[in-house]
Amino acid sequence: MNHDTFFLYLFVMAGSTYLIRAIPFVLVKKKIENVYIRSFLIYIPYAVLTAMTIPAILYATDSIWSAGVGLIAAIVMALFGFGLLPVAVVACLAVYLTGLVVQ
């Protein structure tokens, strides 16, 4: 890829990202009072993060089984209120140990 094409792609991507963030500020002048719209907007980041993370988790290993076991271990640890580091460590250990058994 040459420099001209790269910078064209970079500016288009930067412009579209900026517009996605700037248009709501321009169009919505006052505070959103509707409870349903506010609750919808509150949950959007969690839904997008989940939609991006779950497929990445399931295809990060050679075996879907070890990825599934790691995901389940992480969910269980998170439901019991553990922090990010213990959840990540236990999930990694679960994936590693399942990978040893599956292979």
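Whatever comes next refers back to the structure up there.
Just so you know, these numbers come straight off a predicted model, no measurement behind them.

Peer 1: I tried to follow the overall build of the chain on my own but got confused; where do I start?
Peer 2: For the chain, the helix and strand inventory stands at four helices and zero strands. In the chain, the order of α-helices and β-strands from amino to carboxyl end is α-α-α-α. Its C-alpha radius of gyration of 20 Å places the chain more than 25% over the 13 Å reference for a compact globule of 103 residues. Judged by the C-alpha coordinates and their principal axes, the chain covers about 55 × 50 × 20 Å. Residues counted as buried form 15% of the 103 residues belonging to the chain. Surface exposure of the chain reaches about 9000 Å², of which carbon and sulfur atoms provide 76%.

Peer 1: Please explain the side chain of S66 as it appears in this structure.
Peer 2: With respect to the helices, strands and loops of the structure, S66 is situated in helix α3 (residues 64-79). Classification of S66 by relative accessible area gives buried; the value is 3%. If sequence neighbours within four positions are ignored, S66 has contacts with T61, V95, T98 and G99.

Peer 1: Would you mind going over the packing of aromatic side chains with me for this structure?
Peer 2: Aromatic ring pairs are defined here through the distance separating the ring centres and the angle between the ring planes. According to the stated counting rule, one finds two aromatic pairs in the structure shown. Members of the aromatic cluster, each reached through a chain of ring pairs, are F6, F7 and F11.

Peer 1: It is not clear to me how helix α4 (residues 84-102) should be interpreted in this structure. Could you clarify?
Peer 2: The terminal C-alpha atoms of α4, which comprises 19 residues, lie 26 Å apart, in line with the 27 Å expected from a rise of 1.5 Å per residue. What α4 keeps buried is the set V87, A91, A94, T98 and G99. Angular distribution of buried residues about the axis of α4 spans 130 degrees; they occupy a single face of the element. Residues L85, C92, Y96 and L100 are exposed on α4 and point more than 90 degrees away from its buried face. Where α4 is buried, its residues touch α3.

About the cut-offs
Residues numbered from 1 in each chain as written. Predicted model: local features only at pLDDT ≥ 70, side-chain atom pairs only at ≥ 80, totals over all residues. Heavy atoms only, no water. Helix = DSSP H or I, 4+ residues; strand = E, 2+ residues; numbered from the N terminus. Rg over C-alpha atoms; globule rule 2.2 N^0.38 Å. Buried < 20%, exposed > 50% of the residue type's maximum accessible area, 1.4 Å probe, protein only. Areas by Shrake-Rupley, 256 points an atom, 1.4 Å probe, with all protein chains shown as cover. Contact = heavy atoms within 4.5 Å. Phe/Tyr/Trp six-rings, centres within 6.5 Å; stacked < 30°, edge-to-face > 60°. Expected span 1.5 Å × (residues − 1). Arc of directions from axis to C-beta.

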